[in-house]
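What the coordinates show
Given next are the chains, with one letter for each unit.
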Amino acid sequence: MARYELVKRSVALITLTNPPVNSLSSAVRHGIAKTMDRALSDPKVTAVVICGENGRFCGGADIREFAGPLRGPPLLPLLDSIEAGDKPVVAAIEGVALGGGLELALVCHYRIAHSKARLGLPEVTLGLLPAAGGTQRLPRLIGIPAALELITTGRHVSSQEALKLGIVDQVTEHNACEVAVEFALRAVAKPLSSRRLSALTVPCPPDLDALLEAVTMQIQKKARGVMAPLACVQAVRAAATMPYSQGIKRESELMATLFNSGQARALQYSFFAERTAGKWTLPSGAQWNDTKPREIRSAAVIGLGTMGRGIAVSLARVGISVIAVESDRKLMESGRQMVIGMLERDAKRRGVSASLNLLKFTLSLQDLKDVDLVIEAVFEDMALKKRVFQELSKVCRPTTLLCSNTSGLDVDALAGVTDRPQLVSGMHFFSPAHVMKLLEVVCGPRSSSETIATAMSLGKRMGKVSVAVGNCPGFVGNRMLKPYSDQATFLLEEGATPEQIDKVLEDFGFAMGVFRMSDLAGLDVGWRVRKESGLTGPDVDPKNPPRRRQGRKYCPIPDMVCEQGRFGQKTGRGWYMYDKPGGTNAKPDPLIQNLLETYRGRYGIKPRNITEQEIIERCLFALANEGFRILKDGIAAQPEDIDVIYQFGYGFPRHRGGPMFYASMVGLERVLERLEHYHQAHPDVSHLEPSPLLKKLVACGSPPIQKWREHIKTIHSHL
Ligand code: 3H9
């Protein structure tokens, strides 16, 4: 776990060996303690170099160990003892020095970084703070403002930036380890006292209080209700105002509070969920690690609406040549302007040149003969999509993969009109597609493992978090959205207002409440879907719209809002009013208040006071309940997939883990009991009826979320 060698006769080279990221597991800490003792006690050794195996210095504490009791030597005293040693220690940083890895480097007396290395203290993203002295040493090294920014955001910096900030002493293009050994030999005769960061005084800015206040306000605005960044500010304040020995105590106290919080558990769960989500398995048994994806060099995007434009940009900026197809010259020209503008802005932001030469625009599908993959992004209309797929099947070479950016239509029905159903899958992007990180890869029953592997790997290449899902109406994300938003509109009928519901959801941590999100997405989208599915239309009596349709409870209020031409932000009116069409500043609208009062009066509904607890429970437990159904139906393979989809596609707060993790934290028994309660009160709302899987899990003693899979594995999977 820590290898020891003597090099150049007098330098002890300690190599951390815990693949893949050389995290500081108990065995590694033990290894460091042992090898450091050996180096410090061996008179032949004049200096020490610490490096990591396989070109990675260290990815920090072993996050998996946080779930159990502490074993092995604690990190902080171990690091303090390295710094206190009387032989120079040099960190040779290749790959990454993150979290505890950077804290280890900070107790070394010198730091040499490879030019491609990345450094940072990302503990805050795991709901923690750098508790092995990081909050106390970094400010002493680079000053309060810079340290505060790095610690509260968890941002990684390049080695070049680290050099500018003063975190590292030298950046090299060569083998960092070899350079560090030479450096160590030169450092032998030099005094170490000024290299021990804990002994330095903090360069304290005169306006410390104002600075900390400003950062606190910024955090409260951006990360509402999130504890860790605020604790980081307090720890840095301690560094600025207390001697090291007291500051470190404060750091530990703050860490203890965070460590035991639900937020830290949720954020660490989220870290692993994001990685687990990429590991798909199909009913055939084929899986992520035994199926080779095809290489995609060229792709086509059909339709240059909002989605198509974002998809074209996502492809081109990772070096894939793109043919974009539109049906009419005017649309094609405006699409071209927008795609070029988006790519140019994106390239400017990233400091690279825009890959405009990769783009081609055409009116003819005939031009797609030779592309490797097509992503269809036309209107959400099955007949139209089928026509496109039929045409593609004729035009493209037989090996071209055909994907649909549908948000919920039957991918297998599209596959069925082609000559290559095994090469068809869904690639459901989220709007705006070049910004949003989520990609649902929809596996049809006939999609081959190579098709899924290729779509998943293409997603990864485009920087997306890709999740494989089964084929059913709405897939995972949009299928779950329905009960969630239905509950919100039923609550309006009963006495709530859009702003009340949104405030509760936003205080919970959602980026946007359900009504503000609908206004942003456009209310006409859902209206069109409801009309197409026969739920509303010209046959409905506008004066007395029925509240039961197709055998279920139905809330006509969203249709009534649309009938007034209120489609959300784009029309300047929706659930809220805006300064102008396209405005984003949502204000409560008395007309909506009026509409709700008239509606309740018409149906004799006596408005009641609705509590925050009821809003949370009805919206979020209904959301999770559908998640349990999705798991049982085999549309998602594991709860982590659902949670990742909700975090990256629907603004579910990461520090709550996602709807399924949230349900597990509330307690499955409690969720079941509340759903039963609400279903009793609303027996005509089927999505409030507790799902069989939820009941089964409760009957099995509510196992932890990581064990749910064992209770669903017998069910037929669509994945
Ligand atoms: C800390 O240090 C606390 C201290 O301040 C004080 C304590 C007292 N532990 O991301 P990848 C796994 S908190 C355990 O796919 P990449 C990961 O799950 C820690 N496991 O690779 C995956 O497993 P699998 C602060 C870890 O190349 C595999 O390694 N540190 C850890 O895209 C590959 O990971 C951080 O927050 C870990 N620390 O990215 C850094 N790190 O193969 C967290 C990774 O089974 N790590 N794994 O799915 C990262 O940000 C990225 O993993 C890294 C590599 C950039 C290092």
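Residues numbered from 1 in each chain as written. Predicted model: local features only at pLDDT ≥ 70, side-chain atom pairs only at ≥ 80, totals over all residues. Heavy atoms only, no water.

1. A word on the environment of I50
Its place among the elements puts I50 in strand β3 (residues 47–52). For I50, a relative accessible area of 1% puts it in the buried group. Each C-alpha atom, one on I50 and one on M517, is 50 Å from the other, the two residues being 467 residues apart in sequence. Once residues lying within four places of it in the same chain are set aside, the contact partners of I50 are I14, L16, M36, F57, V89, V90, A91, A92, L104 and C108. (Helix = DSSP H or I, 4+ residues; strand = E, 2+ residues; numbered from the N terminus. Buried < 20%, exposed > 50% of the residue type's maximum accessible area, 1.4 Å probe, protein only. Contact = heavy atoms within 4.5 Å.)

2. Notes on the pattern of salt bridges
Once the charged atoms of two side chains with opposite charge are near each other, the side chains can pair. What the rule picks out here adds up to 49 salt bridges. Between E274 and R654 there is a salt bridge whose closest N-O contact spans 3.0 Å. Of this pair, E274 sits in helix α11 (residues 262–276) while R654 is found in the loop between α24 (639–650) and α25 (659–666), placing the two residues 380 residues apart along the sequence. R654 sits in the partly exposed class, given a relative accessible area of 27%. With its nearest N and O atoms 2.6 Å apart, the salt bridge here joins K503 to D507. Pair noted here: K503 and D507 are both in helix α18 (residues 498–508), with a separation of four residues, about one helical turn. (Salt bridge = Lys/Arg side-chain N within 4 Å of Asp/Glu carboxyl O.)

3. Quick notes on the nonpolar core
Formed by 99 residues in total, the largest nonpolar core has its most connected members in L368, I501 and L620. Tallying contributions element by element places helix α23 (residues 612–632) first for this core, with eleven residues. In this view, I501 contacts A488, L491, L492, A496, V514, F515 and I615; residues no more than four positions away in its chain are not counted. Core analysis: the next-biggest nonpolar cluster, separate from the first, contains 69 residues, V45, A105, A131 and A240 among them. (Core = buried A, V, L, I, M, F, W, Y, C linked by side-chain atoms within 4.5 Å.)

4. Notes on the site of the ligand
Near the ligand you find 26 residues, and of these R56, E103, E123, R275 and K279 are the closest. Taking I63, its main chain carries an N or O atom lying 2.9 Å from a nitrogen atom of the ligand. Taken by itself the ligand offers 1000 Å² of open surface, and the protein chains cover 76% of this. Breaking the shell around the ligand down by element, the ones donating at least two residues are α3 (100–107) and α11. (Near = heavy atom within 4 Å. Polar contact = N/O pair within 3.5 Å; in protein donor to acceptor, adjacent residues only side chain to side chain. Areas by Shrake-Rupley, 256 points an atom, 1.4 Å probe, with all protein chains shown as cover.)

5. Focus: the packing of helix α2 (residues 75–84) against α3
Two elements in contact, α2 and α3, have axes whose closest approach is 8 Å; the angle formed by their N-to-C orientations is 25 degrees. For the element pair α2 / α3, the angle class is roughly parallel. Together, L75, L79, I82 and E83 of α2 and G100, E103, L104 and V107 of α3 make up the contact between the two elements. In terms of residue class, the contact of α2 with α3 is made up of five nonpolar, one polar and two charged. (Axes fitted to C-alpha atoms, helices over the stretch in contact; angles between N-to-C directions. Parallel < 35°, antiparallel > 145°, perpendicular 65-115°, else oblique. Nonpolar A, V, L, I, M, F, W, Y, C, P; charged D, E, K, R; others polar.)

6. Some words on the pairing of β3
Extensive coverage of β3 is indicated by the burial of six of its six residues. The two faces of β3 match: A47, V49 and C51 on one face and V48, I50 and G52 on the other face are all buried. Where strand β2 (residues 11–16) lies against β3, six bridges are found, and the strand directions are parallel. The residue of β3 that forms the bridge with L16 is G52. Considered for its hand, the β-α-β crossover made up of β2, helix α1 (residues 26–41) and β3 is right-handed. Pairing of β3 with strand β4 (residues 89–93), which is carried by three bridges, proceeds in the parallel orientation. Within β4, the residue paired with V49 across the bridge is V90. For the handedness criterion, the β-α-β arrangement of β3, α2 and β4 is classed as right-handed. (Pairing = 2+ DSSP bridges. Right-handed = clockwise from strand over helix to strand, strands pointing away.)

7. A closer look at empty space enclosed by the protein
If you walk through the whole model with that rule in mind, you get one cavity of 30 Å³ or more. One number sums up the size of the largest cavity: a volume of about 40 Å³. Lining the largest cavity, in full, are T536, V540, D541, P542, P545, R549, P556, D559, M560 and E563. Of the residues forming the lining of the largest cavity, the biggest block, three residues, is contributed by helix α21 (residues 557–563). Residue composition of the lining of the largest cavity, grouped by class: five nonpolar, one polar and four charged. (1 Å grid on protein atoms, 1.4 Å probe; cavity = no way out; pocket = protein on both sides within 12 Å on 5 of 7 lines; lining within 4 Å. Points joined across faces, edges and corners; volume = space filled by probe spheres on them.)

8. A short note on the UniProt feature "domain: 3-hydroxyacyl-CoA dehydrogenase NAD binding" (unreviewed entry) in the protein
Within this numbering scheme, the UniProt entry marks residues 299–471 as carrying the feature "domain: 3-hydroxyacyl-CoA dehydrogenase NAD binding" (unreviewed entry). Annotated as 38% helix and 23% strand, the span residues 299–471 places its first and last C-alpha atoms 23 Å apart. (UniProt positions renumbered as here; feature names shortened; annotations may be inferred.)

9. Points about the packing of aromatic side chains
What the rule picks out here adds up to 15 aromatic pairs. Measuring from centroid to centroid gives 5.8 Å for Y484 and F510, while their planes differ by 25 degrees, and the two rings are stacked. With Y484 in helix α17 (residues 477–494) and F510 in the loop between α18 and α19 (514–521), the pair connects residues that are 26 residues apart, well separated along the chain. You can call Y484 buried: its relative accessible area is 3%. Since its relative accessible area comes to 5%, F510 is described here as buried. Plain terms: the ring middles of W527 and F567 are 6.0 Å apart, the flat faces sit at 45 degrees to each other, and that makes the pair tilted. A residue pair is termed long-range when its members are at least 10 positions apart, and W527 in helix α20 (residues 523–532) and F567 in the loop between α21 and α22 (590–602) qualify at 40 residues. (Phe/Tyr/Trp six-rings, centres within 6.5 Å; stacked < 30°, edge-to-face > 60°.)

10. Some thoughts on the pairing of β2
In terms of burial, β2 is largely enclosed, as six of its six residues are buried. Every second residue of β2 is oriented toward a common face, with V11, L13 and T15 on one face and A12, I14 and L16 on the other, all of them buried. Looking at chain direction, strand β1 (residues 2–7) and β2 are connected through six bridges and run antiparallel. Residue pairing across strands places E5 opposite L13, the latter belonging to β2.

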